[in-house]
Amino acid sequence: MRVLGVDPGLTRCGIGVVEGVAGRPLTMRAVGVVRTGADAEIADRLVLIEQGIEEWLDAYRPEAVAVERVFSQHNVRTVMGTAQASAVAMLCAARRGLPVALHTPSEVKAAVTGSGRAEKAQVGAMVTRLLRLDAPPRPADAADALALAICHIWRAPVQQRLDRLQQAHAKQAAGRSTAAAARADDSTRATKGTRR
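Residues numbered from 1 in each chain as written. Predicted model: local features only at pLDDT ≥ 70, side-chain atom pairs only at ≥ 80, totals over all residues. Heavy atoms only, no water.

## Remarks on the overall build of the protein
Then step 1. Helix and strand counts for the protein stand at five helices and five strands.
Then step 2. Counting from the amino terminus, helix and strand elements in the protein follow one another as β-β-β-α-β-α-β-α-α-α.
Then step 3. Rg of the C-alpha trace for the protein: 23 Å, well past the compact-globule value of 16 Å for 196 residues, more than 25% over.
Then step 4. Dimensions along the principal axes, computed over C-alpha positions, put the protein at roughly 85 × 40 × 35 Å.
Then step 5. A total of 196 residues make up the protein; the buried ones form 37% of that total.
Then step 6. Of all intrachain contacts in the protein linking residues separated by at least 6 positions in sequence, the fraction that spans at least 24 positions is 62%.
Then step 7. Of the roughly 11400 Å² of accessible surface on the protein, a fraction of 53% belongs to carbon and sulfur atoms.
Then step 8. Counting 27 positive and 19 negative side-chain charges, the protein places the centres of these two groups 11 Å from one another. (Helix = DSSP H or I, 4+ residues; strand = E, 2+ residues; numbered from the N terminus. Rg over C-alpha atoms; globule rule 2.2 N^0.38 Å. Buried < 20%, exposed > 50% of the residue type's maximum accessible area, 1.4 Å probe, protein only. Contact = heavy atoms within 4.5 Å. Areas by Shrake-Rupley, 256 points an atom, 1.4 Å probe, with all protein chains shown as cover. Lys, Arg positive; Asp, Glu negative; His and termini not counted. Charge placed at Lys NZ, Arg CZ, Asp CG, Glu CD.)

## What to know about helix 3 (residues 105–113)
Then step 1. Every buried residue of helix 3 is accounted for by Pro105, Val108, Ala111 and Val112. Taken end-on, helix 3 shows its buried residues confined to a sector of 130°, consistent with a single buried face.
Then step 2. Positive phi appears at Gly114, one or two residues downstream of helix 3, with a value of about 95°. (Arc of directions from axis to C-beta.)

## What about the UniProt feature "binding site: Mg(2+) 2" (unreviewed entry) in the protein?
Then step 1. Mapped onto this numbering, the UniProt entry annotates "binding site: Mg(2+) 2" (unreviewed entry) at Glu68.
Then step 2. Look past the residues within four positions of Glu68 in its chain and what remains in contact with it is Val6, Asp7, Pro8, Ser86, His103, Pro105 and Leu148. (UniProt positions renumbered as here; feature names shortened; annotations may be inferred.)

## A closer look at the packing of aromatic side chains
Two aromatic rings are characterised by how far apart their centres lie and by the angle between their planes.
Then step 1. All chains considered together, the criterion is met by one aromatic pair.
Then step 2. Both rings, one in Trp56 and one in Tyr60, keep their centres 5.3 Å apart while their planes meet at 35°; by these two values the pair is tilted. Residue Trp56 and its partner Tyr60 are located together in helix 1 (residues 42–60), separated by four residues, close to a single helical turn.
Then step 3. The class of Trp56 is buried, set by a relative accessible area of 15%.
Then step 4. Its relative accessible area of 25% is what places Tyr60 among the partly exposed residues. (Phe/Tyr/Trp six-rings, centres within 6.5 Å; stacked < 30°, edge-to-face > 60°.)

## Some points on the sheet that holds strand 5 (residues 100–103)
Then step 1. Spatial strand order, 3-2-1-4-5: five strands in an open sheet with mixed pairing. Lying at the two open borders of the sheet, with one neighbouring strand each, are strand 3 (27–35) and strand 5. Each strand of the sheet is rotated relative to its neighbour by a mean of 20°, with strand direction disregarded.
Then step 2. Direction of pairing for strand 1 (residues 2–7) relative to strand 2 (residues 12–19): antiparallel, over a ladder of six bridges. Paired with Val6 across the two strands is Ile15, which belongs to strand 2.
Then step 3. Each of strand 1, strand 2, strand 3 and strand 4 (64–68) touches helix 1; the most contacted strand, strand 3, lies at about 160° to it. (Pairing = 2+ DSSP bridges. Axes fitted to C-alpha atoms, helices over the stretch in contact; angles between N-to-C directions.)

## Notes on the side chain of Arg45
Then step 1. You can see Arg45 is positioned in helix 1.
Then step 2. Reaching out from Arg45, the side chain makes a polar contact with the backbone oxygen of Gly37 at a distance of 3.1 Å.
Then step 3. If near-sequence neighbours (up to four positions away) are discounted, Arg45 is found in contact with Leu10, Thr11, Thr36, Gly37, Ala38 and Ala40. (Polar contact = N/O pair within 3.5 Å; in protein donor to acceptor, adjacent residues only side chain to side chain.)

Structural data, given as structure tokens:
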């Protein structure tokens, strides 16, 4: 599985591509950052992020896109910018029919380091170790993007099994509802028949 991880941000949008399967060594295909100037209009910055992500999607052809789920912060302006960049990443993936997974920062940290409260330096160190890199990717946004991709690869098989179970359960429930409706209909017809 090849996953494009996106650590959304208006000034620096971290992007990383990781390939592999759960339980086997993973390989980094590429890592970088899409940058925009803080003095540019937000709409123009979003276009630059969209163009950057599209270039990465064209170049690396991932099978899925993992994006950091936006969480509440005290700085509303930062949250808004992160949410807007996140939406651009999801739009780019959806346009191509790629599945999108949203992972919380604590979920990613827990998957990569074993602790949902790990510091950025710990995440960078584990990403370096897991991908057998010479040094942690810089800036931290790039390492976070790789961590998102790693998290998704490791969690995808479990999530797929859960999704299949949920679909099977829904199908069984729908079947039971249809059968119950048919029995009720038969019972109604039988009651009407005896009245005649």
